[in-house]
Protein chains: 2
Amino acid sequence: MRTRPLKVALLGCGVVGSEVARIMTTHADDLTARIGAPVELAGVAVRRPSKVREGIDPALITTDATALLKRGDIDVAIEVIGGIEPARTLITTAFEHGISVVSANKALLAQDGAALHAAAGQAGLDLYYEAAVAGAIPLIRPLRESLAGDKINRVMGIVNGTTNFILDKMDATGAGYQEALDEATALGYAEADPTADVEGYDAAAKAAILAGIAFHTRVHLDDVYREGMTEVSAADFASAKRMGCTIKLLAILERAADGESVTARVHPAMIPLSHPLASVREAYNAVFVEAEAAGRLMFYGPGAGGAPTASAVLGDLVAVCRNKLAEATGPGESAYTQLPVSPMGDVVTRYHISLDVADKPGVLAQVATCFAEHGVSIDTVRQQGKDGEASLVVVTHRAPDASLSGTVEALRKLDTVRGVASIMRVEGE
Amino acid sequence: MRTRPLKVALLGCGVVGSEVARIMTTHADDLTARIGAPVELAGVAVRRPSKVREGIDPALITTDATALLKRGDIDVAIEVIGGIEPARTLITTAFEHGISVVSANKALLAQDGAALHAAAGQAGLDLYYEAAVAGAIPLIRPLRESLAGDKINRVMGIVNGTTNFILDKMDATGAGYQEALDEATALGYAEADPTADVEGYDAAAKAAILAGIAFHTRVHLDDVYREGMTEVSAADFASAKRMGCTIKLLAILERAADGESVTARVHPAMIPLSHPLASVREAYNAVFVEAEAAGRLMFYGPGAGGAPTASAVLGDLVAVCRNKLAEATGPGESAYTQLPVSPMGDVVTRYHISLDVADKPGVLAQVATCFAEHGVSIDTVRQQGKDGEASLVVVTHRAPDASLSGTVEALRKLDTVRGVASIMRVEGE
């Protein structure tokens, strides 16, 4: 076994970084045995050097991350700063100085993954980022390596813990969105500004990364259709229950039936209670994968948190260090299929539409005609009337999203339709 | 990209082997792109050369596997023969001739894993076997690589589809064991001789492999405690339901509380319906992992079948070919902790004991005293009487298995105890 240690620069020392530093110290012997050489925390770049950081030698702390990467003895950099800058520049600097990178940065990977992969590839270095998607759940490596001999057709996942916690509360207690969000905030599951989670931005970044790996094609954050879950109501949950469903915020990545294009989207959807994703409770994440030969797989676990995310970072660190010792690199970006990403209008799925209508004869016929004219076939209709007003719940067969949008636009123009109360996709059947 | 193909010898061409050959042919371009070089099926060793094998060039077929390995141009051998011999000798021959191996052979790995790993290591070659445990579910790679920076404390899995199908039927329909087995046989889920499945031999082999990887220690098939599920009755399921539980055949691998030893066991057990493993239906497999930093993870999917197993084999093939091109090897055996495997008597868990007793005063006191004398603390007792006979169901707190065995032995000697109807462990709480 080599005795000269591999040197690690830790960029960022927040919730995840401090856990990484702690485990590197407390489990040093295990890491040495698994890597085949000792691994040493050689420097920790932070913004606020005055903050007390238990268990970290103050001599390691620096505010100059660039100087740390340039000093010449660093083998691997761990980037747990998050956000686009300065993370992007630092990762690029690392590659320029022969340093492989482990990152937990979903936003950066979803936006600039192609350029960063190219930089790593040119330099003959590794870029690993298991922690960027679904925290501790091994997902990137299984998709990219275990399923490397298979063809993935569909990935459907709960990849944001905050929104799953809120939706699970709404489902379990009948609470409205605001009430459930308040509870999530009070318990620390939601941030003071929950926009990135509840509007689906966080899930969309993960969707872009997963789609790229699953389909061996480049999927940019901008290619991902995104709808948040702030409009999901207690009434939607009541409707879902009547259908034997629950509601989840899903990231859905699909290969088109002809195999010639892919789609990537994030939105709330009804799924049957019998689907394995339906029983994913609280802030847990889970990703359901359908592959041609392997069939239906699911990966489940905590999607966030300091220790779980650190576990994923350290798994990558072991792999990158082993590669370094073997003078090899792991699998880089695989984008050889170059499939186009189709717009949301091309997605084919089912819909649950709730309409407020006038309670008079002929309304149903008018509404049904409207669906038929747009080529959207109706599966079931449920009518409920009271005091001259009525509600009409229509569940459709599979239809292109563009046809459904056209239908809804036309429905809104009917004088017997007072309003479209909710439109929700129905998945997982 | 290298244009000279990597040459693969396929040893065995049954259900799994023929799927491997089929996918290698139909997905050749994808495999080439993912490996970075073409991969070619260079020979297929079979027992019955006369059998028609659709899609395989008859010129590739040979009955002489040894000659195929020795002919000098093979890069990787895929062993899907199963059983100990001739698989063991062929794998050893492969290593002697500079050929890396992908195997799906759980029995061989559980019995001779250490020697095979040593042979691979000495030769500087790869031995991969994702398909040996839980079919298509990525499990070996996540445990050995994704969690390489973490400490796994517990693995609990449904790793045999046949028995899960039978138990699921019994749970859903109230059927007895024989009736459910007959249905499994009729549907092709159970073999004509189901011994390996229902007596837990198959699960025990997988348990040995998983324990070795999870704990970085050597666990031999003989170290695994094994109990089959042929004694599980409809009455046990009724009892389980009353407790909010179901019954699964589980492989359970645990690190002792002091971290100084491990245990490995396979037996039927009651688990709460709220546990993620409880909802694993039909012939699906799932493995639940508890790691120090990552927390609770679960991996779910089809545990057997030609195509799913072939998917796992081909994932390994891609990795081994990539290693070959990089002139590197993947992680080999990691057994540095050398932890002892403790006997079943040291396992600490809870128990559900059903007794047939005389329906007269003082029986409960006598039984309770018996538990107390052996240091087994009782959680709940349920008494049910009819016609001078009664049944007593005792659920204990956590106690060592040896103490429970002592208690049961003593209970059998009480004249008020007519018989011990069933003893079942209660897990997952």
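About the criteria used
Residues numbered from 1 in each chain as written. Chains lettered and ligands numbered in written order. Predicted model: local features only at pLDDT ≥ 70, side-chain atom pairs only at ≥ 80, totals over all residues. Heavy atoms only, no water. Helix = DSSP H or I, 4+ residues; strand = E, 2+ residues; numbered from the N terminus. Rg over C-alpha atoms; globule rule 2.2 N^0.38 Å. Buried < 20%, exposed > 50% of the residue type's maximum accessible area, 1.4 Å probe, protein only. Contact = heavy atoms within 4.5 Å. Areas by Shrake-Rupley, 256 points an atom, 1.4 Å probe, with all protein chains shown as cover. Lys, Arg positive; Asp, Glu negative; His and termini not counted. Charge placed at Lys NZ, Arg CZ, Asp CG, Glu CD. Pairing = 2+ DSSP bridges. Right-handed = clockwise from strand over helix to strand, strands pointing away. Domains from an automatic or database assignment. Buried area = accessible area lost by both parts, 1.4 Å probe. Salt bridge = Lys/Arg side-chain N within 4 Å of Asp/Glu carboxyl O. Polar contact = N/O pair within 3.5 Å; in protein donor to acceptor, adjacent residues only side chain to side chain. Nonpolar A, V, L, I, M, F, W, Y, C, P; charged D, E, K, R; others polar. Axes fitted to C-alpha atoms, helices over the stretch in contact; angles between N-to-C directions. Parallel < 35°, antiparallel > 145°, perpendicular 65-115°, else oblique. Left-handed = near helix turned anticlockwise from the far one by under 90°. Core = buried A, V, L, I, M, F, W, Y, C linked by side-chain atoms within 4.5 Å. Phe/Tyr/Trp six-rings, centres within 6.5 Å; stacked < 30°, edge-to-face > 60°. Lys NZ or Arg CZ within 6 Å of the ring centre and 35° of its normal. UniProt positions renumbered as here; feature names shortened; annotations may be inferred. Least-squares fit on C-alpha atoms with pLDDT ≥ 70 in both. Arc of directions from axis to C-beta. Disulfide = S-S within 2.5 Å. Expected span 1.5 Å × (residues − 1).

Participant: Would you mind going over the overall build of chain A with me for this structure?
Facilitator: What chain A contains, in helices and strands, is 14 helices and 17 strands. Its C-alpha radius of gyration of 24 Å places chain A within 12% of the 22 Å reference for a compact globule of 429 residues. For chain A, the C-alpha atoms occupy an extent of roughly 85 × 45 × 35 Å along the three principal directions. Going through the 429 residues of chain A one by one, you find that 58% of them count as buried. Of the contacts made within chain A by residues no fewer than 6 positions apart, 73% connect residues no fewer than 24 positions apart. Entry remark: accessible area of chain A is about 16500 Å², with carbon and sulfur atoms responsible for 49%. Measuring between centres, the 39 positive side-chain charges of chain A sit 2 Å from its 53 negative side-chain charges.

Participant: It is not clear to me how the sheet that holds strand β6 (residues 127-128) of chain B should be interpreted in this structure. Could you clarify?
Facilitator: What holds strands together in a sheet is hydrogen bonding between their backbones, with the strands either parallel or antiparallel. Read across the open sheet, the 6 strands follow the order β3-β2-β1-β4-β5-β6 (chain B); overall the sheet is parallel. Strands with a single pairing partner mark the edges of an open sheet, and in this sheet they are β3 (61-62) and β6 of chain B.

Participant: How should I be thinking about the pairing of strand β4 (residues 76-79) of chain A in this particular structure?
Facilitator: Looking along a regular strand, one sees the side chains alternate between the two faces of the sheet. All names here are of chain A. The side-chain alternation of β4 yields two buried faces, one formed by V76 and I78 and the other by A77 and E79. One ladder, built from 4 bridges, connects strand β1 (residues 6-11) with β4; its direction is parallel. Following the sheet pairing, L10 is matched in β4 by I78. Bridge analysis of β4 against strand β5 (residues 100-103) gives 4 bridges, and the strand direction is parallel. Bridge pairing in β5 links V76 to S100. In this fold, β4 hands off to helix α4 (residues 87-96), which returns the chain to β5; that crossover is right-handed.

Participant: Whenever I open this one, the domain arrangement of chain A confuses me. Can you help?
Facilitator: Note: interface size is frequently given as the accessible area lost on complex formation between the parts. All names here are of chain A. Along its sequence, chain A is carved into domain 1 (6-135 + 307-325), domain 2 (140-303) and domain 3 (345-426). Computed from C-alpha atoms alone, the centre-to-centre distance between domain 1 and domain 2 is 28 Å. Of the residues lining the interface, 19 residues belong to domain 1; the matching set on domain 2 comes to 18 residues. Surface buried jointly by domain 1 and domain 2 totals about 1500 Å² across both partners, of which 62% is contributed by carbon and sulfur atoms.

Participant: Looking at this model, I keep getting lost on the interface of chain A and chain B. Mind explaining?
Facilitator: Contacts between the two partners involve 46 residues from chain A, matched on the other side by 46 residues from chain B. Joining chain A to chain B, the criterion identifies 2 salt bridges. When the shortest N-O distance is used, the salt bridge between E145 of chain B and R141 of chain A registers 3.6 Å. Where chain A meets chain B, there are 20 residue pairs in polar contact (both at pLDDT 80 or more). Listed by contribution, the elements that provide at least two residues to the side of chain A that touches chain B are α2 (28-35), α6 (140-146), β12 (295-302) and α12 (306-325) of chain A. Among the residues making up the side of chain A that touches chain B, the classes are represented as 26 nonpolar, 10 polar and 10 charged.

Participant: Got a minute to help me understand the packing of helix α7 (residues 161-173) of chain A against helix α11 (residues 234-242) of chain A in this structure?
Facilitator: Helix-helix packing is characterised by the crossing angle of the two axes and by the distance between the axes. Residue and element names in this part refer to chain A. Between α7 and α11, the shortest axis-to-axis distance is 10 Å and the interhelical angle comes to 65°. Considered as vectors, α7 and α11 are oriented roughly perpendicular to each other. In terms of crossing hand, the pair formed by α7 and α11 is right-handed. Contacts from L167, M170 and D171 in α7 reach A234, F237 and K241 in α11. The residue inventory of the contact of α7 with α11, partitioned by class, reads 4 nonpolar, no polar and 2 charged.

Participant: So what exactly am I meant to see when it comes to the nonpolar core here?
Facilitator: Nonpolar side chains in soluble globular proteins generally cluster together in the buried interior. By size, the foremost hydrophobic cluster in this structure holds 163 residues, and its most contacted members are L11, I166 and I209 of chain A together with L11, I166 and I209 of chain B. Once residues within four sequence positions are removed from consideration, L11 of chain B is found in contact with A45, A65, L68, L69, A77, I78, E79, V80, I81 and L90 of chain B.

Participant: Looking at this structure, I do not really get the packing of aromatic side chains. What am I missing?
Facilitator: Describing an aromatic ring pair means giving the distance of the ring centres and the angle of the ring planes. Under the counting rule described, the total for this entry stands at 5 aromatic pairs over all chains. Here F165 of chain A and Y189 of chain A contribute two aromatic rings whose centre-to-centre distance is 4.2 Å and whose plane-to-plane angle is 25°, an arrangement assigned as stacked. Taken as a pair, F165 of chain A in helix α7 and Y189 of chain A in the loop between α8 (177-186) and α9 (195-198) lie far apart in primary sequence, 24 residues in all. With a relative accessible area of 36%, Y189 of chain A lands in the partly exposed category. In this arrangement the basic side chain of R144 of chain A is found over the ring face of Y128 of chain A, its NZ or CZ atom lying 5.3 Å from the centre. Here R226 of chain B stacks its cationic end above the ring of Y201 of chain B, 3.9 Å away from the centre of that ring.

Participant: Would you mind showing me how to read the UniProt feature "active site" (unreviewed entry) in chain A here?
Facilitator: All names here are of chain A. The positions UniProt marks with the feature "active site" (unreviewed entry) are K206. Relative to the helices and strands, K206 resides in helix α10 (residues 201-215). By relative accessible area, K206 is classed as buried at 5%.

Participant: How should I be thinking about the sheet that holds strand β6 (residues 127-128) of chain A in this particular structure?
Facilitator: Residues and elements named next belong to chain A. Across the sheet, 6 strands lie side by side as β3-β2-β1-β4-β5-β6; this open sheet has parallel pairing. Two strands close off the open sheet at either side, each with one partner strand: β3 (61-62) and β6. Summarising the sheet, β5 and β6 pair through 2 bridges and their orientation is parallel. By the bridge assignment, V101 is partnered in β6 with L127.

Participant: Help me understand the relation of the copies chain A and chain B in this model?
Facilitator: Between the two copies of this chain, the relationship is a rotation about some axis together with a displacement along it. Under the fitted operation, chain A is carried onto chain B by 0.0 Å of movement along the axis and a turn of 180°, and the coordinates agree to an RMSD of 0.0 Å. Between the two chains, the operation in question is that of a two-fold axis. Residue F299 of chain A, judged by its C-alpha, is the member of chain A lying nearest the rotation axis, at 2.4 Å. An overlap of 100% is found between the interface residues of chain A and their copies at the interface of chain B, pointing to a shared contact surface.

Participant: How should the pairing of strand β14 (residues 378-386) of chain A be read in this particular structure?
Facilitator: Residues and elements named next belong to chain A. Bridging between β14 and strand β15 (residues 389-396) involves 8 bridges; their strand directions are antiparallel. Among the inter-strand pairings, I378 is bridged to a residue of β15, identified as T396. The hairpin formed by β14 and β15 contains 2 residues between the paired strands, and D387 there has a positive phi angle of roughly 50°.

Participant: Is there a simple way to explain the pattern of salt bridges in this structure?
Facilitator: Close approach of charged atoms lets side chains of opposite charge pair. Overall, the coordinates contain 48 salt bridges over all chains when judged by the stated rule. R154 of chain A is the salt-bridge partner of E290 of chain A, the closest N and O atoms lying 3.6 Å from each other. Of the two residues, E290 of chain A is situated in strand β11 (residues 284-291) and R154 of chain A in strand β7 (residues 152-158); the sequence distance between them amounts to 136 residues. Under the relative-accessibility criterion, E290 of chain A is labelled partly exposed at 25%. Its relative accessible area of 15% is what places R154 of chain A among the buried residues. Notably, a salt bridge pairs E227 of chain B with R425 of chain B, separated by 3.1 Å at the nearest N-O pair. Taken together, the positions of E227 of chain B in the loop between β8 (225-226) and α11 (234-242) and R425 of chain B in strand β17 (residues 417-426) put the pair 198 residues apart, joining distant regions of the chain.

Participant: What exactly am I supposed to notice about α11 of chain B here?
Facilitator: Residue pairs spaced three or four apart in an α-helix point in one direction, given the helix's 3.6 residues per turn. All names here are of chain B. For α11, the complete set of buried residues consists of D236, F237, S239 and A240. Along the axis of α11, the buried residues cluster in a sector spanning 160°; they form a single face. After α11 finishes, the residue G244 shows a positive phi value of roughly 70°.

Participant: Which parts of the structure should I look at to understand the state of the cysteines?
Facilitator: Residue and element names in this part refer to chain A. Taken as a whole and judged by the stated rule, the model has 0 disulfides over all chains. Of all cysteine sulfurs in the structure, the one in C321 sits closest to C13, which takes part in no disulfide; the separation is 18 Å. With relative accessibility at 9%, the residue C13 sits in the buried group.

Participant: How should I be thinking about helix α14 (residues 401-413) of chain B in this particular structure?
Facilitator: Residues and elements named next belong to chain B. Taking 1.5 Å per residue as the helical rise, α14 with its 13 residues ought to reach 18 Å, and the 19 Å between its terminal C-alpha atoms agrees with that figure. Taken as a whole, α14 has its buried residues at D401, S403, L404, G406, T407, V408, A410 and L411. Structurally, α14 contributes buried residues whose contacts are with β13 (348-358), α13 (363-373), β16 (399-400) and β17.

Participant: I tried to follow the side chain of T309 of chain A on my own but got confused; where do I start?
Facilitator: Structurally, the position occupied by T309 of chain A is in helix α12. Residues contacting T309 of chain A, with those up to four places away along its chain left out, are V16, A104, A131, G135 and A304 of chain A.

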